[in-house]
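The chain contents come next:
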Amino acid sequence: IAFEGQGRVVKNIQDPVERLKRIIRSRIDVMHDLPSAILLMYQEANALTGDLLKSALKDERRNSGSIEAAIEEGIRQGRLKDMNPRLVSSFLNLLTDCWELKLWDIRKHVSRKEFEEAVVECFFNGVSTEKIPPVNGEKTTQTFSGKTMLVLNSGGEMGDAVVSAFRDRGAKVAAYSRGFE
């Protein structure tokens, strides 16, 4: 019920990025206007059963679905990275929910406007100014699959890192430090 206005604020907006920005603003508005309701929802959702639980989950899915639709459109247009829309929608929900969930910590340090700007910046641009490699253990792209790389002067930390990076990306590596490996 709290997020019913979310559909109205994006009704005639075709640009998926603008739709997502308006959804962010709308969700933060709800967090700001109904703080107790949002906290109650998080605290008591586990106590719901039967039809009440089904109804709450259906509402949440509907609200997440409008976010997912905007993300999917942004991906189709090439304006957003190709990521799992359901997962990214959940991230966006969590980011906006933090206005209420973490308000106790940020209340005196961050304005509502600054929070909204940070969520938009974080969501659309990330927080790093550099390319961050995937978490250890995740699949990396096989950029050099089927290629053989010769790495000269491969001794030491830098050489080991270069050899490891090529191997992680599918290359066969011939490394020379004092002799071929």
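In this report, we go over the structure that sits alongside the text. All chains use their own residue numbering, which begins from 1 and follows the written sequence. Restriction of local features to residues with pLDDT of at least 70 applies here, the model being predicted, together with a cutoff of 80 or more for giving and counting side-chain atom pairs; totals for whole chains, interfaces and linings are based on all residues. Derived side-chain values reflect all non-hydrogen atoms in the structure, with water molecules and hydrogen atoms excluded from consideration.

Re the pattern of salt bridges
Two side chains carrying opposite charge are able to pair once their charged atoms lie near each other. Definition used for salt bridges: Asp or Glu carboxyl oxygen within 4 Å of a side-chain nitrogen of Lys or Arg. In total, this model carries 8 salt bridges according to the counting rule given. Arg112 serves as the salt-bridge partner of Asp29, at 2.1 Å between the closest nitrogen and oxygen. One end of the pair, Asp29, is in helix α2 (residues 16-33); the other, Arg112, is in helix α7 (residues 112-125), with 83 residues separating them in the sequence. Note on exposure labels: buried denotes an accessible area under 20% of the residue type's maximum, exposed denotes more than 50%, and partly exposed covers the range between, all computed with a 1.4 Å probe on protein chains only. For Asp29, a relative accessible area of 31% puts it in the partly exposed group. Glu116 is the salt-bridge partner of Arg112, the closest N and O atoms lying 3.2 Å from each other. A helix here means a DSSP run of H or I that spans at least four residues, while a strand means a run of E at least two residues long, and both kinds are numbered starting from the N terminus.

Side note on α7
One less than the number of residues in a helix, times 1.5 Å, gives the span that helix is expected to have. End to end, α7 covers 20 Å across 14 residues, agreeing with the expected 20 Å (1.5 Å per residue, within 8%). Among the residues of α7, those classed as buried are Phe115, Glu116, Val119, Val120 and Phe123. In an axial view of α7, the angular spread of the buried residues amounts to 135°, which keeps them on one side of the axis. Note on definitions: a residue-residue contact is assigned when non-hydrogen atoms from the two residues lie within 4.5 Å. If you follow the buried residues of α7, they end up packed against α2, α4 (50-76), α5 (85-101) and α6 (103-106). Directions from the helix axis toward the C-beta atoms define the arc.

As for the packing of aromatic side chains
In this scheme Phe, Tyr and Trp rings, the latter by its six-membered ring, pair at centre separations within 6.5 Å, and the angle between planes marks the pair as stacked below 30 degrees, edge-to-face above 60, and tilted otherwise. The full count for this structure, using the stated rule, is 2 aromatic pairs. Where Trp99 meets Phe115, the ring centres are 5.1 Å apart and the plane angle is 50°; that geometry is what we call tilted. In this pair, Trp99 is assigned in helix α5 and Phe115 in helix α7, connecting sequence segments 16 residues apart. You can call Trp99 buried: its relative accessible area is 5%.

Brief notes about α4
Relative to the 39 Å expected for 27 residues at 1.5 Å per residue, α4 spans 37 Å between its end C-alpha atoms, a close match to the ideal helical length. The set of residues buried in α4 consists of Asn63, Ser64, Ile67, Glu68, Ala70, Ile71, Gly74 and Ile75. Downstream of α4 by one or two residues, Gly78 has phi in the positive range, about 80°.

A short note on the packing of α5 against α7
Lines are fitted to the C-alpha atoms to define the axes, a helix being fitted only along its stretch in contact, and any angle between axes, read from their N-to-C directions, falls within 0 to 180 degrees. The contact between α5 and α7 brings their axes to 10 Å, and the two run at 165°. Here α5 lies roughly antiparallel to α7, going by the angle between them. By crossing handedness, the relation of α5 to α7 is classed as right-handed. Two secondary-structure elements touch here, α5 through Val88, Leu92, Leu95, Thr96, Cys98 and Trp99 and α7 through Arg112, Phe115, Val119 and Phe123. Partitioned by chemical class, the residues of the contact of α5 with α7 number 8 nonpolar, 1 polar and 1 charged. Here roughly perpendicular refers to angles of 65 to 115 degrees, roughly parallel to angles under 35, roughly antiparallel to angles over 145, and oblique to all remaining angles. The sense of a crossing depends on the near helix, which, turned anticlockwise from the far helix by less than a right angle, makes the crossing left-handed and, turned clockwise, makes it right-handed. Each residue gets one of three labels, nonpolar for Ala, Val, Leu, Ile, Met, Phe, Trp, Tyr, Cys and Pro, charged for Asp, Glu, Lys and Arg, and polar for the others, Gly among them.

As for the pairing of strand β2 (residues 172-176)
Going residue by residue along β2, you find Val173 and Ala175 tucked away on one face and Lys172, Ala174 and Tyr176 left uncovered on the opposite face. Being paired, for any two strands, means DSSP has found at least two bridges between them. As judged from the 5 bridges shared by strand β1 (residues 148-152) and β2, these two strands associate in the parallel manner. Residue Leu150 lies in a different strand from β2, and its bridge partner there is Ala174.

Comments concerning the environment of Arg79
Relative to the assigned elements, Arg79 resides in the loop between α4 and α5. The spatial distance from the C-alpha of Arg79 to the C-alpha of Val17 is 7.9 Å, given a sequence separation of 62 residues. Every residue in contact with Arg79, bar those within four places of it in the chain, is listed here: Asp15, Pro16, Val17 and Gly74.

Some points on the environment of Leu152
Mapped onto the elements, Leu152 comes out in strand β1. In this structure, the C-alpha to C-alpha distance between Leu152 and Val163, residues 11 residues apart in sequence, is 9.9 Å.

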